[in-house]
Amino acid sequence: MTLDQHKVAAARVWATARMPYLAHAVFAARVRAVEDTGTISIDQGWTITADPAVLGEIDAVETGRLMLHLVSHALRDHAERAAAIGVEHKGWWNRCGDAEINDDLRVVDAVPRSAPDRPADLGCADNGLAEAYYGAPETAQGRRWDCGSGCDGESRDWEGDPGLSRHQQELLQNRTAADVQEAAERDPGSVPEGLLRWADALRTSRVDWRRALAAEIRHAVASVSGNVDYTYRKPSRRGAAAHPVILPSLHRPLPLVAVVCDTSGSMHDDLLARALAEVEALLTRAGLRSAQLRVLAVDTQVHAVSTVTSARQVTLAGGGGTDMGAGLEAAMRLRPRPSLVVVLTDGHTPWPRKAPRAKVVVGILKEGGGVPGPAPEWARTILIEDA
Ligand SMILES: [Zn+2]
């Protein structure tokens, strides 16, 4: 049995007309068919799996409602949040997540008939979070709809390939939150309250730059260290014991990371210190040891190149005009050469025209009403703002 593609297309049109600010998320969620699942669900890679028979029983509008509902589980990180509080009772959590979503969908008449729980059905007040509902005593319900691993983090046997990467998901969440805020600004009252609160929380500058920076650094570290290769660099133990011959061993190269800090007069020490601490924490979590991290302080010349074990040990020298090109050049002269360079600057600096031979993530620091300078096209860029 194949999927009714016309119905899926009509459902997307209906859904994005109802909630235009969720359009990016609705179109990013691919729909595939798997028979006999008895449900239409979303997985952790934002893929919607539809049982063709179940889809056959509902019309395009109800399908559109389900799409808005299912991508809301993904947008709101219900799977990660379930893991964070150690959810054991998945069915109850599913209903709690549904309730968190549905009081917002009700405003635009988009509550799906198949997953209809609202906070009142759980004996709770509106506008709460799933975590709070989960703590309430469970209320009785008949047949439960399964929203999938995108709701509770537990893979189902009908789910397919991994779908969107965590990095792509974070970009989509950011983009969607920005669209929600924009819609609320243009037409106050057009966006459901809970959804706007979600967008505001996600986009709060503090949370925002940390999430974005984390996504970029994770992505960069994975792409430079993800390849497992066979190498002769470290002789394997088996080889050492049995033969004087060196056998290849499995070697996973961890990158050397350089952090280039703009310490010119226009920089704000406090924000820079926090950004630096954040970068260090991210790299530690990625498995990097301090010996693999170099921090360079730069203005027109490189004032200090130091290997540090803690961001607190960084002395911010310098002052005066900035040239981050000089800092990048110094970073590329380090041996071994770094494969990832993180630059923290206010952006008021010339940049080299050509990309250096390393992955570069640029954090542009912005404080108060100041206008940050532009970032080079060849780098991934994050705007780091003070709250
Ligand atoms: Zn649901």
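Everything in this summary refers to the structure shown in the same document. Predicted, not measured: the structure shown is a model, and the values here were computed from it.

Parameters and conventions
Along every chain, residues carry numbers that run from 1 in the direction the sequence is written. Only residues with pLDDT of 70 or above have their local features reported here, since the model is predicted, and side-chain atom pairs are shown and tallied only from 80 upward, although totals for entire chains, interfaces and linings are computed over all residues. Heavy atoms throughout the structure, all of them, feed into the side-chain values; hydrogens and water do not. Here, a disulfide means two cysteine sulfur atoms that sit within 2.5 Å of each other. Keep in mind that water is not among the atoms, so a site may look incomplete; donors are the N, O and S atoms within 2.8 Å of the metal, or 3.2 Å for Na, K and Ca. A site with four donors is called tetrahedral when every donor-metal-donor angle falls between 85 and 135 degrees; four donors are called square planar, and six octahedral, when opposite donors sit more than 155 degrees apart and all other angles fall between 65 and 115; any other arrangement is irregular. Think of it this way: any DSSP run of H or I at least four residues long counts as a helix, any run of E at least two long counts as a strand, and we number them from the N terminus. Using a 1.4 Å probe on the protein chains alone, a residue whose accessible area is under 20% of its type maximum counts as buried, one over 50% counts as exposed, and one in between counts as partly exposed. Two N or O atoms count as a polar contact when they lie within 3.5 Å, although within protein this holds only if one can serve as hydrogen donor and the other as acceptor, and sequence-adjacent residues are included solely when both atoms are side-chain atoms. What makes two residues a contact is simply this: any of their non-hydrogen atoms within 4.5 Å.

1. Here we look at the state of the cysteines
Two cysteines whose sulfur atoms are joined by a covalent bond form what is called a disulfide.
In step 1: Under the defined criterion, the tally for this structure stands at zero disulfides.
In step 2: Summary of cysteine pairing: cysteine 124 is not part of a disulfide, and the nearest cysteine sulfur, belonging to cysteine 96, is at 7.1 Å.
In step 3: Cysteine cysteine 151 remains unbridged, with the sulfur of cysteine 147 as its closest cysteine sulfur at 5.6 Å.

2. Observations concerning the coordination of the zinc ion
In step 1: The protein atoms donating to the zinc ion are His69 (NE2), His73 (NE2), Asp98 (OD) and Cys147 (SG), with metal-donor distances spanning 2.0 to 2.1 Å.
In step 2: In this structure, the zinc ion is coordinated by four donor atoms arranged in tetrahedral fashion, with angles at the metal of 95 to 122°.
In step 3: All donors of the zinc ion belong to a single chain; written as a sequence motif, their spacing is H-x3-H-x24-D-x48-C. With histidine 69 in helix H4 (residues 60-75) and cysteine 147 in the loop between helix H7 (130-134) and helix H8 (149-152), the pair connects residues that are 78 residues apart, well separated along the chain.
In step 4: A residue is classified by how much of its surface remains accessible, and histidine 69, at 0% relative accessible area, is buried.

3. Focus: the side chain of threonine 49
In step 1: On the secondary structure map, threonine 49 appears in strand S3 (residues 48-50).
In step 2: Here arginine 32 takes part through its side chain, which lies 2.9 Å from a polar atom of the side chain of threonine 49.
In step 3: Here threonine 49 is in contact with Arg32, Val34, Thr39, Ile40, Ser41 and Trp158, once residues within four sequence places are set aside.

Worth remembering: the numbers are spatial, not functional.
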